[in-house]
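Observations on the three-dimensional arrangement
The chain contents come next:
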Amino acid sequence: MKTRHRTAIAAALLALGAAAFAQRQVQRLDAGWRFQKGDPGAAMQPAFDDRGWRVVRVPHDWSMDEPFRPDFGSGNGYAAGGIAWYRRSFTAGAEQRGRVARISFDGVYDHAQVWINGQYLGGRPYGYSSFEFDLTRYLKLDGSPNVLAVRVDHSREADSRYFTGSGLYRDARLSFTDALHIAPWGTYVTTPAVSAARADVKAEAELVNAAAEARAFTLRSEVVAPDGRVVAAHEARARLAAGERRTLSHRLAVDRPLRWSPDTPQLYTLRQTVRVDGKPVDQADTPFGIRSFRFDPDTGFSLNGRPLKLKGVCLHHDAGSLGAAVPASVLERRLRQLKAIGVNAIRTSHNPPAPELLDLADRLGLLVQAEAFDEFTPTKNKWIAGWNVGVPGRQGYGELFAEWGVRDVEAMVRRDRNHPSIVMWSVGNEVDYPNDPFSHPVLGAKYRPAAPPASDLLRWGPPLVDAVRRLDPTRPVTAAMASVEMSDAVGFAALFDVAGYNYQEARYAADHAKFPRRVIYGSENRHDYRAWAIVRDTPWISAQFLWTGFDYLGEAPAWPQRGADFGLFDLAGFMKPRGAFRASLWSEQPVVHLAAATASATRVASQSGQGAPLLDQQKRARVAAHWNWPAGEPMVVSAYANTPEVQLWLNGRRVGTQQAADAIEGVLTWTLPFEAGELKAVGLRDGRPVAESRLETAGAAARIELQRVAAGADGVEQIAFFVVDAAGRRVPDAAHRLRFEPQGGLEILGIGNGNLADVDDPRDAEHAAFEGRGLAVLRRADPHQPARLRVTAAGLAPAELAL
């Protein structure tokens, strides 16, 4: 009986396995990679001995493994580059015979070359493009190891104006499909007509028959609603000859659709199933949103028939202490923080993002301008000794652009065109920057006759625009232009469906009159009030994208500062006063936030021509959200609020009440001498409190406090740490060195404190606080295993947090 029972179980498992192998299989290749810096000549060969190599988990950014050094270059945040290899083994059995095997990479920085079992598959030089290779021809299906080898050449550290990272910094996947299958990125779903009553859905599938004989099949397309119901379906029969590739199109209708928007990010799923003789051989599920949008030269942007201002931020792809290898849960926390202060749009400056970021934008309800490049060719300046300091280098993607530019923009569009969040494709950022590299007589005294002529923009731009429109005619093409004057002089601006103006608000009115059919928006903007007011008050200006949402690595000034401080949030994710100000302008919830600076610092900021105190782009006035200052020091207290009235209280005494109309460039201010205690602002509506902000004077540092700010399904824990006084108030000047002791299978991914001049190893167990705080990002080896984090420091009571 036992033998028969075991035989029956084995037969059932075999049947299940056969059913599974009938459709596509996708495996993330995250664990089990071996890594080594250097360039051994035989590392692609299966017999190469890699037992001494370090075992790493992908995504992996080796730029964060090594010490930061001033000779590495400021553009890349003084981070290491070099050449390195990754190797990984896997097995495949006879059940995969006749199927197609592929390896795909979401991003490798940069100049990737890939081998399987010693056979060269190909390479991809652009570090932000996703790519794949067919492994089928060289795969061993006898259960013996297949050896995958990847060489990454980032030996030119100073190849970018901002931080890139190095290595397999995004996901890698191994997939097996039937010989008859839907091609990678072969699904394309659009909604040509949308109303409250009905949505027309067009579903395309690119089918590939890699078999040696013709195959007849049925393709079924189903639209699955957010609640799991199939609300539309279409089925058709077809036949592909051996080696044939063909695109099939289905039309479907959805009654009373749930339309996607930032407030209601409803996602449907297009399920496409390929059947041969009634049996499924492949299936692809593609999330999509039903929505309609329009950019109009007179009325701006509308979504689902309603006007909407794009309140956007630019985002680079790093995440502080994590570098470029950013877990999805960290991206999610950052996007949620932005949305909480009123942001509804992001610009992926200046490269295609990780696929996870777009998945999150779809799910959370954020509109996206997806951008391809920071330069055409020749290359731009790459600063080495500091931003705009010394002699720049001239290495970078521009050296490859002529050969790869169209292919890379095609890869971006094909990969991402089903995301409802994307409403614009940008082919470049400031590729028209005056004299970097192009020039034109319209620049007057700044014209450089020896520089490449700006007319070359018309050589490089049109092929990109044509490629985007061919692959996705449903979205407008744009570019973020640095010199609209020069772009107009050569006809470059006329290439685009919508025109992005970087820091050129002064041109809006005149250009609207001169080019009445041009759609104008702010593609990159400063944080000052006036830059927003013109967008808010001008119907035909549809968007503003602030530079930036978060501080970022790279584009750094002189060593040791490793990044740029333009963000609404710092590198560790703590909101800055600039973010509080933005919340008062953009949030739909009642908001009041307090910040303070000495009166002397405020006078310096005003004299520098930066407008209202505490809001300048370069932070010349050191604003702080704390109340620890020298006794009696004259202070300027600012309240960032969107309530009709704000009361200011100090130690229980009302200092005064101001109306919203009293604000100067969006800010309410009071001048008063510093007095230790509690400073409180109360936002009032109809005489009732609706928002409140407090700053309290902290005493001497006494203990450490830990706060779990996010826990992801990917096992990543984000723990904020604080140095506080005996009453639990953050000590704003605390810079203690803390010792982190993770227990229970916790791994340190990165520890940071928001200080751009912090050059400590982010993966070391010892790290300093900055302004009394920081963020530890950890990963759990087993989410079911109890884990703890203990943090200690000399002179402070320790803290422990059970996870």
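Quick caveat, the model's predicted, so the values are computed rather than measured.

**Re the overall build of the chain**
Along the backbone of the chain there are ten helices and 45 strands. Taken against the 2.2 N^0.38 rule, which gives 28 Å for 803 residues, the C-alpha radius of gyration of the chain at 28 Å falls within 12% of a compact globule. Reported as C-alpha extents along the three principal axes, the dimensions of the chain are approximately 85 × 65 × 60 Å. Across the 803 residues that make up the chain, the buried fraction comes to 58%.

**Observations concerning the packing of aromatic side chains**
Under the criterion given, the structure shown has 34 aromatic pairs. Considering the side-chain rings of Trp387 and Phe566, the 6.0 Å spacing of their centres and the 75 degrees angle between planes classify their relative orientation as edge-to-face. Taken together, the positions of Trp387 in the loop between β23 (367–371) and α4 (401–416) and Phe566 in the loop between β30 (563–564) and α9 (577–586) put the pair 179 residues apart, joining distant regions of the chain. On the basis of relative accessible area, Trp387 is assigned to the partly exposed category, the value being 36%. Under the relative-accessibility criterion, Phe566 is labelled buried at 6%. Through a chain of ring-to-ring contacts, three or more aromatic side chains come together here, namely Tyr109, Tyr126, Tyr128, Phe373, Phe376, Tyr397, Phe401, Trp460, Phe492 and Phe496. Positioned over the ring face of Phe515 is Arg518, at 3.9 Å from the centre of the ring.

**Details of helix α8 (residues 529–537)**
An α-helical turn contains 3.6 residues, so a residue and the one three or four places further along point in the same direction. When we look at burial in α8, the residues that qualify are Ala531, Trp532, Ala533 and Val535. In this fold, the buried residues of α8 make contact with β21 (310–314), β28 (541–546) and α9. The residue sitting at the N-terminus of α8 and contributing the capping side-chain oxygen is Asp528; that oxygen lies 3.3 Å from the backbone nitrogen of Arg530.

**Side note on the pattern of salt bridges**
Once their charged atoms are close, side chains differing in charge can pair, the charge on each being opposite to the other. Considering all chains together, one arrives at 63 salt bridges under this definition. Among the salt bridges present, the one from Arg57 reaches Asp30, with a minimum N-O distance of 3.4 Å. Placement of the pair is Arg57 in the loop between β3 (54–56) and β4 (82–90) and Asp30 in the loop between β1 (25–28) and β2 (33–37), with a sequence separation of 27 residues. For Asp30, a relative accessible area of 17% translates into the label buried. For Glu741, the salt bridge is made with Arg790, and the minimal N-O distance between the two is 3.7 Å. With Glu741 in strand β40 (residues 737–743) and Arg790 in strand β44 (residues 788–793), this pair connects stretches of sequence that are 49 residues apart. Owing to a relative accessible area of 29%, Glu741 belongs among the partly exposed residues under this scheme. Members of the salt-bridge network, linked through shared partners, are Arg28, Asp106, Asp171 and Arg173.

**Considerations on the nonpolar core**
When a protein is soluble and globular, its nonpolar side chains tend to lie buried together. In this structure, Leu335, Leu338, Phe376 and Phe492 are the most contacted members of the largest nonpolar core, which totals 98 residues. The element that contributes the greatest number of residues to this core is helix α5 (residues 457–471), accounting for seven residues. Listed in part, the 30 residues of the second largest apolar core include Leu29, Phe90, Val108 and Val152.

**Here we look at the sheet that holds β2**
Neighbouring strands of a sheet are bound in pairs by backbone hydrogen bonds; such pairs are parallel or else antiparallel. One open sheet holds the six strands; their spatial order is β3-β2-β4-β9-β6-β7, and the pairing between them is antiparallel. Strands at the two margins of the open sheet, each flanked by one partner only, are β3 and β7 (119–124). Looking at each pair of strands side by side, their axes are set apart by 25 degrees on average, direction ignored.

**Notes on the side chain of Thr190**
Here Thr190 lies in strand β11 (residues 180–194). Assessed through its relative accessible area of 14%, Thr190 is described here as buried. Not counting residues up to four positions away in its chain, the partners in contact with Thr190 are Asp200, Val201, Lys202 and Thr474.

**Digging into the packing of helix α2 (residues 328–340) against helix α3 (residues 355–364)**
Contact geometry for α2 and α3: axes closest at 10 Å, N-to-C directions at 40 degrees. As judged from the angle between their axes, α2 and α3 are oblique. Both α2 and α3 take part in a crossing whose hand is right-handed. Between α2 and α3, the residues in contact are Ala328, Leu331, Glu332, Leu335, Arg336 and Lys339 and Glu356, Leu357, Leu360, Ala361, Arg363 and Leu364, respectively. Taken together, the residues of the contact of α2 with α3 break down into seven nonpolar, no polar and five charged.

**Points about the environment of Pro516**
In this structure, Pro516 sits in the loop between α7 (508–514) and β27 (520–525). Residue classification places Pro516 among the partly exposed residues on the basis of a relative accessible area of 44%. Spatially, the C-alpha atoms of Pro516 and Ala284 are 44 Å apart, while their sequence positions differ by 232 residues. Apart from residues lying up to four places away in sequence, Pro516 is in contact with Pro297 and Asp298.

**Observations regarding the sheet that holds β1**
The four strands are arranged β1-β10-β5-β8 in an open sheet whose pairing can be described as antiparallel. Each of the sheet's edge strands pairs with one partner strand only, and the pair in question is β1 and β8 (131–134). Going across the sheet, the axis of each strand differs from the next one's by a mean of 20 degrees, ignoring polarity. With six bridges joining them, strand β5 (residues 100–105) and strand β10 (residues 172–177) adopt antiparallel strand pairing. The residue of β10 that forms the bridge with Arg102 is Ser175.

The rules behind each value
Residues numbered from 1 in each chain as written. Predicted model: local features only at pLDDT ≥ 70, side-chain atom pairs only at ≥ 80, totals over all residues. Heavy atoms only, no water. Helix = DSSP H or I, 4+ residues; strand = E, 2+ residues; numbered from the N terminus. Rg over C-alpha atoms; globule rule 2.2 N^0.38 Å. Buried < 20%, exposed > 50% of the residue type's maximum accessible area, 1.4 Å probe, protein only. Phe/Tyr/Trp six-rings, centres within 6.5 Å; stacked < 30°, edge-to-face > 60°. Lys NZ or Arg CZ within 6 Å of the ring centre and 35° of its normal. Contact = heavy atoms within 4.5 Å. Polar contact = N/O pair within 3.5 Å; in protein donor to acceptor, adjacent residues only side chain to side chain. Salt bridge = Lys/Arg side-chain N within 4 Å of Asp/Glu carboxyl O. Core = buried A, V, L, I, M, F, W, Y, C linked by side-chain atoms within 4.5 Å. Pairing = 2+ DSSP bridges. Axes fitted to C-alpha atoms, helices over the stretch in contact; angles between N-to-C directions. Parallel < 35°, antiparallel > 145°, perpendicular 65-115°, else oblique. Left-handed = near helix turned anticlockwise from the far one by under 90°. Nonpolar A, V, L, I, M, F, W, Y, C, P; charged D, E, K, R; others polar.

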